[in-house]
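Chains, contacts and geometry: an overview
Spelled out from the first residue to the last, the chains are:
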Amino acid sequence: MTELASPALILLAAALLVALTRGHWRNAVIFVAPLVTLWAIWQVPDGVAGTVRFLDYMIEPVEGSALRRLFATIFAIMVLTGGLFAFRQARWYELSAAFAYAAGAVGVCFAGDLITLFLFWELMALFSTVIVWCGGTRAARKAGIRYAIMHLLGGVILKVGIEGVVVHTGSVDIRPMLATNFDTWMILIGILINAAAPPLSAWLADAYPESSPTGSVFLSAFTTKTAVIALIMLFPGEPVLIAVGLYMVMYGIIYALLENDARRILAYSIVNQVGFMVCAVGIGTQMALNGAAAHAFAHIIYKALLFMSAGVVVYRTGKNKCTELGGLFRTMPLTTICGIIGALSISSFPLTSGFTTKALISQAAVDQGLAAVYFLLTAASAGVFLHAGIKFPWFVFFQKDSGMRPKDAPWNMAAAMVFFSVLCIVIGVFPEALYRFLPYPVNYHAYTAGKVLFYLQLLLFSGLAFFVMLPWLKRTPTISLDVDWIYRRLFPAITAWICDAVADPLARIGRRIQYMCEATLSRIYRHHGPEGVLARTWPTGSMVMWVAILLACYLVLYYV
Amino acid sequence: MNQPARDDHWLTRPASIQQIWRVFYAVLALTVLAQLLTEIKGYFDIDGWFGFAGGFGFLSCAAMVLVAKALGVLLKQPDNYYDD
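All values reported here derive from a predicted model rather than from experimental measurement. (Residues numbered from 1 in each chain as written. Chains lettered and ligands numbered in written order. Predicted model: local features only at pLDDT ≥ 70, side-chain atom pairs only at ≥ 80, totals over all residues. Heavy atoms only, no water.)

Helix and strand counts for chain B stand at two helices and one strand. Secondary structure elements in chain B, listed N-terminal to C-terminal, are α-α-β. Relative to its length of 84 residues, chain B is extended, with a C-alpha radius of gyration of 21 Å against a globular reference of 12 Å. Overall size of chain B, expressed as C-alpha extent along the three principal axes, is 55 × 40 × 15 Å. Counting every position in chain B, which comprises 84 residues, the buried fraction comes to 27%. Put simply, chain B shows about 5800 Å² of open surface, and 65% of that area lies on carbon and sulfur atoms. Each charge class in chain B was averaged separately, 6 positive and 8 negative side chains, and the resulting centres sit 12 Å apart. (Helix = DSSP H or I, 4+ residues; strand = E, 2+ residues; numbered from the N terminus. Rg over C-alpha atoms; globule rule 2.2 N^0.38 Å. Buried < 20%, exposed > 50% of the residue type's maximum accessible area, 1.4 Å probe, protein only. Areas by Shrake-Rupley, 256 points an atom, 1.4 Å probe, with all protein chains shown as cover. Lys, Arg positive; Asp, Glu negative; His and termini not counted. Charge placed at Lys NZ, Arg CZ, Asp CG, Glu CD.)

Spelled out as structure tokens, the structure:
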């Protein structure tokens, strides 16, 4: 029976325990549960561990493979380090929600069938919404509702697709497919909504920066990367994903360049990085899928690291906006250094994790002879350095002197950042340590003199472009409109217009109905009211008189 | 509490900034000149050209900044745009 228990259940139980315990017991749960989960993840053998019959379906709650274990491992490491980062500052319900959210992500990794996948998928949607709400502000509440609506919509579309596949093929198995009919398109769209693919990318940059400084660290890791593993399992080699990925890559850069909110810059760069992975899944070769998996692994670490450094800044200063920040390197040296390591990693600088993982994706494009894709990804790598590699640390920690002299990170936040910084460099210096856990054998050497030189040139000249064009990149206290304008402004405006248009005729009809009702009532009152003809009491005498008249009439008629 | 302290951090002194720029230019030049010693194996011919990566990086970034700037005219709104 234990082979049917997904490692996700450990995190789910931990979520409950975090809510029920206090003090040292809760801290113990926060640190022990992810470690036990990690152990359980590595006990899952390859293949389906067991099946259960539910209604008429064969449910496979646990199915193992190198890919599934890799993603589950990084999710468990993430919840462990996120727990370390947050356990002294976050509220208990945020931590509890984070564990349940992570349970959803691990559950999806090991789901052997579409029904299990869907259940854990919705678990993620539910508890990630709670984390957005934990931001505690009015803006967070509203963003959380928009986030929930978007994910419930994605869930419904995914469910429609799953139902279709089950009805038409009779199988709930997770196996590679292509978007060739309505059912598979629905599944693909449902997953892509979670990946923040166009046109519905706006939910991510809308919701994540509204969460608490600790909440955004958890949010950055799970939803989009779970979508990536779902794409790898279900749609490897789906050509449309190449175009979708390239769009996401460019969208992330352009919006991040326009953005003023520090955490929103990072949110856009999630879309950008997931774009690299989606594009790799679209290429679909073993090298590309290895690249997508490795890049997701490295990305979770450096993106969480970046959100941690931004989180510390928000926690210490209470400010999000680049226009209000700057010069923090003086009193926050550790946060600055960790932020820079994260920024260099996301920019795939040599000796950092991004360099050794993104290179696999570029190599996959080269191997398939996709010159346009290769050059666009290379340009995007330069753009990543521009928007995340330099822009984020520059505007937050350097730039002008904001006058603020906040303290550096509390010890637990500092420890989490240092741990992830070390991981970024270890994966960058010893890529084989990660390569050996990838789903397919890797025969690739990231470090040749030519490749290192190429990337150094590319990135350093991008840096030059940043500083040369700095006056054009000056931050303004603005936001950039996105597709969410349609449901935040256009739809409410249309609704208001319709209400206005029909309000007048409706009011006239209402008045008419009211008049008719009143007229009817007063007529009834006239006849049946206390003074009414039909309600009057008649004296006995009048009755006798009428009887006498009737009898007289009768006599007259009788004689006639 | 958050009064600016006397700002004499070495990173903010004009002389240091000038020096950093000089070092940066030297490193940029070195990365290009190193191509004389180390061959960059281009996958699609042109990416092996002398100084290609540097030029490509600079120009793509310039293009992205320009596109962002142009789109900004259409898309940028005050940050209280959605506030009720």
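Resuming the write-up.
All names here are of chain B. Assigned domains within chain B: domain 1 (8-38) and domain 2 (40-77). Taken over C-alpha atoms, the centre of domain 1 sits 22 Å from the centre of domain 2. Counting from both sides, the interface comprises four residues of domain 1 and, opposite them, five residues of domain 2. Together domain 1 and domain 2 conceal approximately 390 Å² of surface at their shared face, both sides included; 65% is due to carbon and sulfur atoms. (Domains from an automatic or database assignment. Contact = heavy atoms within 4.5 Å. Buried area = accessible area lost by both parts, 1.4 Å probe.)

On to the pattern of salt bridges. Pairing between side chains of opposite charge can happen when their charged atoms approach one another. Counting across every chain of the model gives 11 salt bridges over all chains. Across the pair A:Arg68 and A:Glu63 runs a salt bridge whose closest N-O atoms are separated by 3.7 Å. We note that A:Arg68, like A:Glu63, is buried. A salt bridge links B:Asp79 to A:Lys321, with the nearest nitrogen and oxygen atoms 3.2 Å apart. Remark: A:Lys321 occurs in the loop between helix H13 (286-317) and helix H14 (333-346) and B:Asp79 occurs in the segment after strand E1 (76-78); the pair is interchain, linking two chains. A relative accessible area of 29% places A:Lys321 in the partly exposed class. (Salt bridge = Lys/Arg side-chain N within 4 Å of Asp/Glu carboxyl O.)

For helix H20 (residues 484-528) of chain A, built from 45 residues, the straight-helix expectation of 66 Å at 1.5 Å per residue is met to within 8% by its first-to-last C-alpha distance of 61 Å. At A:Ala503, H20(A) is deflected by roughly 35°, the largest bend along its length, and proline A:Pro505 occurs up to four residues later in sequence. (Expected span 1.5 Å × (residues − 1). Bend = angle between axes of the 7 residues up to and from the residue.)

Taken together, the side chains of A:Ile486, A:Leu490, A:Phe491, A:Ile494, A:Trp497, A:Ile498, A:Val502, A:Leu506, A:Ile509 and A:Ile513 present a nonpolar region at the surface, about 940 Å² in accessible area. Along the chain, the position of A:Trp497 falls in helix H20. (Patch = residues over 30% accessible without salt bridge, like charges linked within 9 Å, V, L, I, M, F, W, Y side chains within 5 Å.)

Our focus in this paragraph is the side chain of A:Asp482. All names here are of chain A. Structurally, aspartate 482 is set in the loop between strand E5 (478-480) and H20. Engagement of the side chain of aspartate 482 in a polar contact is seen with the side chain of tyrosine 251, the distance being 2.4 Å. Every residue in contact with aspartate 482, bar those within four places of it in the chain, is listed here: Ala202, Tyr251, Tyr255 and Tyr268. (Polar contact = N/O pair within 3.5 Å; in protein donor to acceptor, adjacent residues only side chain to side chain.)

To continue, consider the domain arrangement of chain A. Residues and elements named next belong to chain A. In terms of domain boundaries, chain A breaks down into domain 1 (1-235), domain 2 (245-475) and domain 3 (483-536). Between domain 1 and domain 2, the C-alpha centre-to-centre distance is 24 Å. In this assembly, 42 residues from domain 1 lie in contact with 43 residues from domain 2. When domain 1 packs against domain 2, the two sides together hide about 3500 Å² of surface, and 79% of this comes from carbon and sulfur. Run the count over domain 1 and domain 2 and you get one salt bridge. Across the salt bridge formed by arginine 264 and glutamate 210, the nearest N and O atoms sit 3.1 Å from each other. For the pair domain 1 and domain 2, the number of links is 12 residue pairs in polar contact (both at pLDDT 80 or more). Within the residue set of the side of domain 1 that touches domain 2, elements represented by two or more residues are helix H3 (66-86), helix H8 (202-207), helix H9 (215-219) and helix H10 (223-234). It is H3 that contributes the most residues to the side of domain 1 that touches domain 2, 12 residues altogether. Of the residues assigned to the side of domain 1 that touches domain 2, the class counts are 29 nonpolar, nine polar and four charged. (Nonpolar A, V, L, I, M, F, W, Y, C, P; charged D, E, K, R; others polar.)

The next subject is unusual backbone geometry. A negative phi holds for most residues other than glycine; trans holds for most peptide bonds. All names here are of chain A. Proline 199 follows proline 198 through a cis peptide bond whose omega is 0°. Mapped onto the fold, proline 199 is located in the loop between helix H7 (182-194) and H8. Even without being a glycine, alanine 196 presents a positive backbone phi close to 60°. Along the chain, alanine 196 falls in the loop between H7 and H8. Here the phi dihedral of serine 348 falls at roughly 55°; this positive angle occurs in a residue that is not glycine. By the element assignment, serine 348 lies in the loop between H14 and helix H15 (353-367).

All names here are of chain A. The N-to-C vectors of helix H11 (residues 240-258) and helix H16 (residues 371-397) enclose an angle of 25°; their axes lie 10 Å apart at closest approach. Compared by their axis directions, H11 and H16 come out roughly parallel. Judged by the sense of rotation from one axis to the other, the crossing of H11 with H16 is left-handed. Facing H11, whose interface residues are Ile242, Leu246, Val249, Met250, Ile253, Ala256, Leu257 and Leu258, H16 presents Val373, Leu376, Leu377, Ala380, Gly383, Val384, Leu386, His387 and Lys391. Per-class residue counts for the contact of H11 with H16 are 14 nonpolar, two polar and one charged. (Axes fitted to C-alpha atoms, helices over the stretch in contact; angles between N-to-C directions. Parallel < 35°, antiparallel > 145°, perpendicular 65-115°, else oblique. Left-handed = near helix turned anticlockwise from the far one by under 90°.)

With that settled, the discussion passes to the packing of aromatic side chains. Residue and element names in this part refer to chain A. One pass over the full model with this rule turns up 38 aromatic pairs over all chains. Judged by centre distance (5.9 Å) and plane angle (40°), the rings of phenylalanine 349 and phenylalanine 385 are tilted. Of this pair, phenylalanine 349 sits in the loop between H14 and H15 while phenylalanine 385 sits in helix H16, and the two are 36 residues apart along the sequence. What makes phenylalanine 385 buried here is its relative accessible area of 7%. (Phe/Tyr/Trp six-rings, centres within 6.5 Å; stacked < 30°, edge-to-face > 60°.)

Here we come to the interface of chain A and chain B. At the junction of the two partners, chain A supplies 58 residues and chain B supplies 51 residues. Carbon and sulfur atoms supply 73% of the area that chain A and chain B bury against each other, a total of about 4900 Å² over both sides. The tally of links between chain A and chain B comes to one salt bridge. Linking chain A to chain B there are 13 residue pairs in polar contact (both at pLDDT 80 or more). Across the side of chain A that touches chain B, the residue classes break down as 36 nonpolar, 12 polar and 10 charged. Inspection of the sheet shows E5(A) paired to E1(B) by three bridges, in the antiparallel sense. Within E1(B), the position partnered with A:Thr478 by the bridge is B:Pro78. (Pairing = 2+ DSSP bridges.)

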